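For reference, the chains in residue letters:
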Amino acid sequence: GRIPTLYSSYGRWWGTDPDTKRQEEIGVVAVTDRDILLGECKWRNELAGVPVLEQLQAQGLLIQRNRAAHYAGFSKSGFTRSLLSHAQQGDVMLVSAQEML
């Protein structure tokens with residue numbers, strides 16, 4: 001019930017950022033004609049913070065096109081207070097390992 005729409009296709013994405021010439025990877029991508037869900041999974045022994053979301057947002061610009069972007073973060077150890085606060089203000093879904101299991 002937390003996903004904003006029913007997506008027609010999903011998977012992961014990787015490609016080259018034309019500005020930085022670096023390889024980029026997005027762990028979770030789901031799309032419709034009008035929406036895109038971009039997700040990042042962190043399976044570490046540290047809290048995921050705002051930089052994880054900022055990187056995902058920057059990567060999303062490579063494939064977003066004219067679709068409304070929604071973001072999801074998945075973390076083994078949870079999230080920093082600043083990311084939790086940031087998520088409450090925007091279109092960001094955060095899911096801990098406890099919630100997944």
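For the structure itself, look to the data block above.
Not measured: the values here are computed from a predicted model.

1. Re the sheet that holds strand β5 (residues 92-96)
1) Next: One open sheet accounts for 5 strands, arranged β1-β2-β3-β4-β5; its pairing is mixed. This sheet does not close on itself; its edge strands, each paired only once, are β1 (9-16) and β5. Between one strand axis and the next, the sheet turns through 25 degrees on average, direction left out of account.
2) Next: Two strands pair when backbone bridges link them, and strand β3 (residues 35-42) and strand β4 (residues 68-75) are joined in this way by 8 bridges, in the parallel orientation. Each residue of the ladder has a partner; that of L38, found in β4, is Y71.

2. Quick word on empty space enclosed by the protein
Unoccupied space between atoms shows up once a probe the size of one water molecule is rolled over them.
1) Next: Within the structure shown, the criterion is met by 1 cavity of 30 Å³ or more.
2) Next: Space inside the largest cavity adds up to approximately 90 Å³.
3) Next: Taken together, 15 residues form the lining of the largest cavity, with V52, L53, A72, G73 and L94 sitting closest to its centre.
4) Next: Looking at the lining of the largest cavity, the elements with two or more residues in it are β3, α1 (50-60), β4 and β5.
5) Next: If one sorts the elements of the lining of the largest cavity by residue count, β4 sits on top with 5 residues.
6) Next: Residue classes in the lining of the largest cavity are distributed as 11 nonpolar, 2 polar and 2 charged.

What counts as what
- Residues numbered from 1 in each chain as written.
- Predicted model: local features only at pLDDT ≥ 70, side-chain atom pairs only at ≥ 80, totals over all residues.
- Heavy atoms only, no water.
- Pairing = 2+ DSSP bridges.
- Helix = DSSP H or I, 4+ residues; strand = E, 2+ residues; numbered from the N terminus.
- Axes fitted to C-alpha atoms, helices over the stretch in contact; angles between N-to-C directions.
- 1 Å grid on protein atoms, 1.4 Å probe; cavity = no way out; pocket = protein on both sides within 12 Å on 5 of 7 lines; lining within 4 Å.
- Points joined across faces, edges and corners; volume = space filled by probe spheres on them.
- Nonpolar A, V, L, I, M, F, W, Y, C, P; charged D, E, K, R; others polar.

Function cannot be inferred from these measures alone, as they are strictly geometric.
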